[in-house]
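Chain and residue survey
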Amino acid sequence: MSLTSLGDVALTPIGPVTLNAVADAHIDQPDPNTNKGLDALLPILSGVGFNHRALLMFDLSPLAGVPSITSAILSIYYSSEIAGVAGQIVEVDPVTSKDWTELGATWNSRITPTLPWITPGGDFTTALQALAVFPAAAGVFIQFDVTSYVNALLAAGDLSFEMLLKFQVDNQSPTTGAWMIGREFVDPARRPVLVVQP
């Protein structure tokens, strides 16, 4: 559903565009050199030396040529609690080293073992990040407003949406954590989605 033209009139997609993740990976500090890109569940945790994060990638090619969008919502399913997440702030941050792969990413490396992150745990920026709060009960989608990030990508001609999911506060004691659903999960209705309104 790309931008098309009719004479001199530009036509943009009408209605929301729903995109599925094309890659994701769970990376964890206690097991820093093991790739877990095929895991169906994405645990995220914050603990002293026990931080777990997740990488997500979406292909924005259906929006090629679209100059800007009005909204973009990233939804990630919160399956179950590991420990003490109610009221905790979780964030998604734009990945800055965008050459990681689903089957190569680990806590230490973008592509194991040949291409390390600049900073272990993934290279990211808090600029254009989006925040959400864990609800009291699991079994719901956690939603992030990533409109500003998608518009920045489109303005730059970058069609690869890549974000890192983590707790806002690392190294918590006691450890807090949750099981999130990844793109390999058996039920497609619970997989991560990015819904864009042009």
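Below is a summary of the structure that appears in this document.

Rules of the game
- In this numbering scheme, every chain counts its residues from 1 along its sequence in written order.
- Given that this is a predicted model, residues contribute local features only at a pLDDT of at least 70 and side-chain atom pairs are listed and counted only at 80 or more, while totals for whole chains, interfaces and linings are drawn from all residues.
- Side-chain descriptors were evaluated using all non-hydrogen atoms of the structure, hydrogens and water having been removed beforehand.
- Secondary structure elements are taken from DSSP: a helix is a run of H or I of four residues or more, a strand is a run of E of two residues or more, and numbering for both begins at the N terminus.
- Residue exposure (1.4 Å probe, protein chains only): buried if accessible area is under 20% of the type maximum, exposed if over 50%, otherwise partly exposed.
- Residue contacts are counted whenever heavy atoms from the two residues lie within 4.5 Å of one another.
- Each Phe, Tyr or Trp ring (for Trp, its six-membered ring) is paired with any other whose centre lies within 6.5 Å, and the angle between the two planes then decides the class: stacked below 30 degrees, edge-to-face above 60, tilted in between.
- One side-chain nitrogen of Lys or Arg within 4 Å of one carboxyl oxygen of Asp or Glu is enough to make a salt bridge.
- If DSSP finds at least two bridges between two strands, the strands pair.
- Surface patches are drawn from residues lacking salt bridges whose relative accessible area is over 30%; two like charges belong together within 9 Å, two nonpolar side chains (Val, Leu, Ile, Met, Phe, Trp, Tyr) within 5 Å.
- Exposure was quantified through the Shrake-Rupley algorithm and a 1.4 Å probe, taking into account, for residues, occlusion by the shown protein chains and nothing else.
- The criterion is simple. A nonpolar core is a set of buried Ala, Val, Leu, Ile, Met, Phe, Trp, Tyr and Cys residues joined through side-chain atoms within 4.5 Å.

So, on to the environment of L42. When you line up the elements, L42 lands in strand β4 (residues 41-46). Take L42: its relative accessible area is 0%, and that puts it in the buried class. In this structure the C-alpha to C-alpha distance between L42 and L55, which are 13 residues apart in sequence, comes to 9.1 Å. If near-sequence neighbours (up to four positions away) are discounted, L42 is found in contact with D24, A25, H26, A54, A178, W179, M180, I181 and G182.

All chains considered together, the criterion is met by five aromatic pairs. For the pair Y77 and F141, a centre-to-centre distance of 5.0 Å together with 80° between the ring planes defines the contact as edge-to-face. Note that Y77 is positioned in strand β6 (residues 71-83) and F141 in strand β11 (residues 140-145), a separation of 64 residues in sequence. Of the residues examined, Y77 reaches a relative accessible area of 9% and is grouped as buried. Residue F141 is classed as partly exposed on the basis of its relative accessible area, which comes to 33%. Ring pairs connect the aromatic residues F58, Y149 and F161, which therefore count as one cluster.

All right, on to the pattern of salt bridges then. Counted according to the given criterion, the structure contains ten salt bridges. Close ionic contact of D31 with K36 constitutes a salt bridge, the shortest N to O distance being 3.4 Å. A salt bridge links R183 to E102, with the nearest nitrogen and oxygen atoms 2.7 Å apart. In this pair, R183 is assigned in the loop between β13 (176-181) and β14 (193-197) and E102 in the loop between β7 (89-94) and β8 (109-111), connecting sequence segments 81 residues apart.

Attention now moves to the pairing of strand β3 (residues 17-28). Of all twelve residues in β3, nine are buried, a share of seventy percent or more. Where β3 meets β14, four bridges bridge the pair, whose relative direction is antiparallel. If you follow L19 over to β14, its bridge partner there is L194. Of the strand pairs in this sheet, β3 and strand β5 (residues 52-59) are connected by seven bridges, and their pairing is antiparallel. Considered in β5, the bridge of A23 is made with M57.

What follows deals with unusual backbone geometry. T112 connects to P113 through a cis peptide bond whose omega is -10°. Mapped onto the secondary structure, P113 falls in the loop between β8 and β9 (115-116). Looking along the chain, the bond that leaves S173 and enters P174 is cis, with omega of 5°. Residue placement: P174 occurs in the loop between β12 (160-167) and β13. Located in the positive-phi region is L128, a residue other than glycine, with phi close to 65°. Structurally, the position occupied by L128 is in the loop between β9 and β10 (130-133).

So, on to a nonpolar patch on the surface. A cluster of nonpolar side chains, namely I89, L131 and V133, defines an oily patch on the protein surface of about 230 Å² accessible area. Within the fold, L131 resides in strand β10. Judged by relative accessible area, L131 falls into the partly exposed class, the value being 43%.

Core analysis: the biggest nonpolar cluster contains 37 residues, and F134, F144, V146, F161, L165, M180 and L194 have the highest contact counts within it. Excluding its chain neighbours within four sequence positions, the residues that come into contact with L194 are V17, T18, L19, F58, L60, A72, I73, L74, V146 and F161. With eleven residues, the next largest nonpolar core counts A25, W100, W107 and W117 among its residues.

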